[in-house]
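Chain and residue survey
Single-letter residue listing:
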Amino acid sequence: MNMEFNPLDRLTQEQVNTWVQEGQQRSQFGQLPSYIPQLAQVNPQEFGVKILTLQGQSYQAGNQTLRFPVMSVIKCFLLLNRLLELGQERVFQQVGDQPSDQPFNSLEQLQSDGGWPRNPMINSGAIALAGLLPGQDANSRCQYLCSWLNQFADCQLVLDQDILESVRSAPNPKNLALVSTLAASGYLEHPDITLDTYNQICCLSATISDLAKLGWLLLQPTNPEWESAIRIVKTLMITCGLYETSGHFALKLGIPTKSGVSGAVLSIIPLQGAIACYSPPLDPQGNSIGGLFFLEKIVKTLNLSLFN
Ligand SMILES: NC(=O)CC[C@H](N)C(=O)O
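Computed from a prediction, not measured in an experiment: that's the story for all the values here.

Structural notes on the nonpolar core
In terms of nonpolar packing, the biggest core is built from 74 residues, with M71, F77, L80, L149 and L211 touching the most fellow members. Other than its neighbours up to four places away in sequence, L149 contacts I74, F77, D154, C155, L157, L214 and L217. Of all hydrophobic cores here, the second largest spans 25 residues; its members include W19, L242, L302 and L304.

Shown next, in the form of C-alpha cells:
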C-alpha cells in the first residue's frame, strides 16, 4: 500500500491532544456505572488514548500507565478465540449473529429469542461463549484466554482481583437471570463456573497500549486462517458492538467499534490502524462519552468511514 494514501497517517499529535482535551470536557456529561462498586469510584477525568497504524506510526495522549478492566471489549476476543478454535458452525450454534435493540444485559431479549442469545456482543451471548472455553474451572478458563491473548497480541493483560472482588461483592441480578435462562434453554452446561469465567474475563485489566495491541490482532491476520474469523468479529462490532446504538453509530461513523462499561473503547480502521480510548463516564447505553467523541473527531476529520 502506498503510505501517502493511508488517511489515518495524516493524523497529527496536536489533533490528538486537542480532541483528548475536548473529550475530557464532554465526559462530564456522563455517569459512572453504579452496579460495580469499584467502577463507580474511579476518577471520571482519567483519559487515555493510543493509536497504532499499520504503517508503524503511533500516537498517544493521557494516562499511559493506568490499568483498567476491559469489560465488554473482551467479547470481541472471546469470539475471535472461539471462532479460531471451534469454527464458525459451532460458534453460531451457540449464539446468533443479529443485532439487538435492547440493552446489553436484557433478559427480555433473551426470553423473546427462546433462550438463544442473539449475538456475541451482548452479555447473554458472551456468557454462552464463555461456557465453551476449555478448562476445569473458571480460573483456568480465564487464564487460558488471558495467556492466548498475551501471546498473540504481545500484550500484558492481568486479572484485576480487586475489580473481580467488587463484581462478586454485588452479584448482578441481570446476569444471574441471563445465566439461568441460558441453562434452562440448554445453552449453558455449568452455570456457576461459566458466570464466574465471564466475570473474570471482563476483569482482565489492560493499559491503553495493551488495548491498542489487542486491536492490532483484528487489523492484520497473523496467518491466513485468521482472515474469516477476523472479518466476522469486525462485522459484528459494526452491527452489535455498541449495543442498541450500533445502527445509529454505524450510520454516523461506520467503523467497527466495541465499548465496555469501564469506559474502554476499541475501534478498528481496516487496513489502517487501531484506536484505543479510555474515558470512564458513560452515556445511558453504557458507552464512553469521551471515547466516542474522540473517535468521531478522528473519523470525520480524516474521512475514515468504511462507507465513504
Ligand atoms: N457492557 C459491559 O461492559 C458489561 C460487562 C460487565 N461485566 C457486565 O456484565 O455487566
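Additional details are given in the paragraphs that follow.
What to know about the pairing of strand β8 (residues 273–278)
Counted residue by residue, β8 has six buried out of six residues, so it is predominantly covered. Relative to β8, strand β1 (residues 48–53) is paired through six bridges, and the arrangement is antiparallel. Bridging from a neighbouring strand, V49 pairs with C277 of β8. Pairing analysis gives six bridges linking strand β7 (residues 264–269) to β8, with the strands arranged antiparallel. Bridge pairing links L266 to A276 in β8. Connecting the antiparallel pair β7 and β8 is a turn made up of three residues, with L271 showing a positive phi of about 65 degrees.

Side note on the sheet that holds strand β4 (residues 158–159)
Ordered by their spatial adjacency, three strands build an open sheet running β3-β5-β4, and the pairing between neighbours is antiparallel. On the outer flanks of this sheet lie β3 (68–69) and β4, each paired with one strand and no other. Where β3 meets strand β5 (residues 204–206), two bridges bridge the pair, whose relative direction is antiparallel. Pairing of F68 across the sheet is with A206, part of β5.

Description of the UniProt feature "binding site: substrate" (unreviewed entry) in the chain
Summarizing the sequence annotation, UniProt attributes the feature "binding site: substrate" (unreviewed entry) to S72, N123, N175, Y198, Y243 and V261 in the numbering used throughout. Considering the arrangement of structural elements, one finds N123 in helix α5 (residues 123–130). Apart from the residues within four sequence positions on either side, N123 is in contact with S72, K75, F104, N105, N175, L178 and Y198. Relative to the elements of secondary structure, V261 occurs in the loop between β6 (257–259) and β7. Sequence-distant contacts of V261, defined by excluding residues within four places in its chain, comprise P33, Y35, L39, M71, F104, L282 and G286.

Some points on the site of the ligand
Around the ligand, a shell composed of Y35, M71, S72, F104, N123, N172, N175, Y198, C202, Y243, G260 and V261 is seen. Take S72: an N or O atom from its side chain is 2.8 Å from an oxygen atom of the ligand. At 2.9 Å from a nitrogen atom of the ligand is found a side-chain nitrogen or oxygen belonging to Y243. Burial of the ligand by the surrounding chains reaches 98%, relative to a free accessible area of 300 Å². Class assignment of the residues belonging to the shell around the ligand gives a composition of seven nonpolar, five polar and no charged.

Topic: helix α6 (residues 138–153)
Side chains three or four residues apart in an α-helix point the same way, a direct result of the helix having 3.6 residues per turn. If you check α6, its first and last C-alpha atoms are 22 Å apart, about what 16 residues at 1.5 Å a residue would give, namely 22 Å. Restricting attention to buried positions, one finds in α6 the residues A138, R141, C142, L145, C146, W148, L149, N150 and A153. Where α6 is buried, its residues touch α2 (74–86), α5, β4, α9 (191–202), β5 and α10 (208–219).

A look at the side chain of S27
Note on placement: S27 falls in the loop between α1 (13–26) and β1. A residue is classified by how much of its surface remains accessible, and S27, at 1% relative accessible area, is buried. In this view, S27 contacts P44, Q45, S279, P281, I289 and G290; residues no more than four positions away in its chain are not counted.

Regarding the pattern of salt bridges
One pass over the full model with this rule turns up six salt bridges. The partner of R168 in a salt bridge is E165, with the nearest N and O atoms 3.4 Å apart. Here the residue R168 and the residue E165 both occupy positions in helix α7 (residues 161–169), the gap between them amounting to three residues, near one helical turn. Take E165: its relative accessible area is 42%, and that puts it in the partly exposed class. Where salt bridges share partners, they join E165, R168 and D196 into one cluster.

Quick notes on the sheet that holds β7
Strands sit in the order β2-β1-β8-β7-β6 across an open sheet of five strands; the sheet is antiparallel. The open sheet has two free edges, formed respectively by β2 (58–62) and β6, since each of these has just one partner strand. Averaged over all neighbouring strand pairs, the angle between strand axes comes to 5 degrees, with direction disregarded. Bridging between β6 and β7 involves three bridges; their strand directions are antiparallel. Of the residues in β7, the one forming a bridge with K258 is L266.

What counts as what
- Residues numbered from 1 in each chain as written.
- Predicted model: local features only at pLDDT ≥ 70, side-chain atom pairs only at ≥ 80, totals over all residues.
- Heavy atoms only, no water.
- Core = buried A, V, L, I, M, F, W, Y, C linked by side-chain atoms within 4.5 Å.
- Buried < 20%, exposed > 50% of the residue type's maximum accessible area, 1.4 Å probe, protein only.
- Contact = heavy atoms within 4.5 Å.
- Helix = DSSP H or I, 4+ residues; strand = E, 2+ residues; numbered from the N terminus.
- Pairing = 2+ DSSP bridges.
- UniProt positions renumbered as here; feature names shortened; annotations may be inferred.
- Near = heavy atom within 4 Å.
- Polar contact = N/O pair within 3.5 Å; in protein donor to acceptor, adjacent residues only side chain to side chain.
- Areas by Shrake-Rupley, 256 points an atom, 1.4 Å probe, with all protein chains shown as cover.
- Nonpolar A, V, L, I, M, F, W, Y, C, P; charged D, E, K, R; others polar.
- Expected span 1.5 Å × (residues − 1).
- Salt bridge = Lys/Arg side-chain N within 4 Å of Asp/Glu carboxyl O.
- Axes fitted to C-alpha atoms, helices over the stretch in contact; angles between N-to-C directions.

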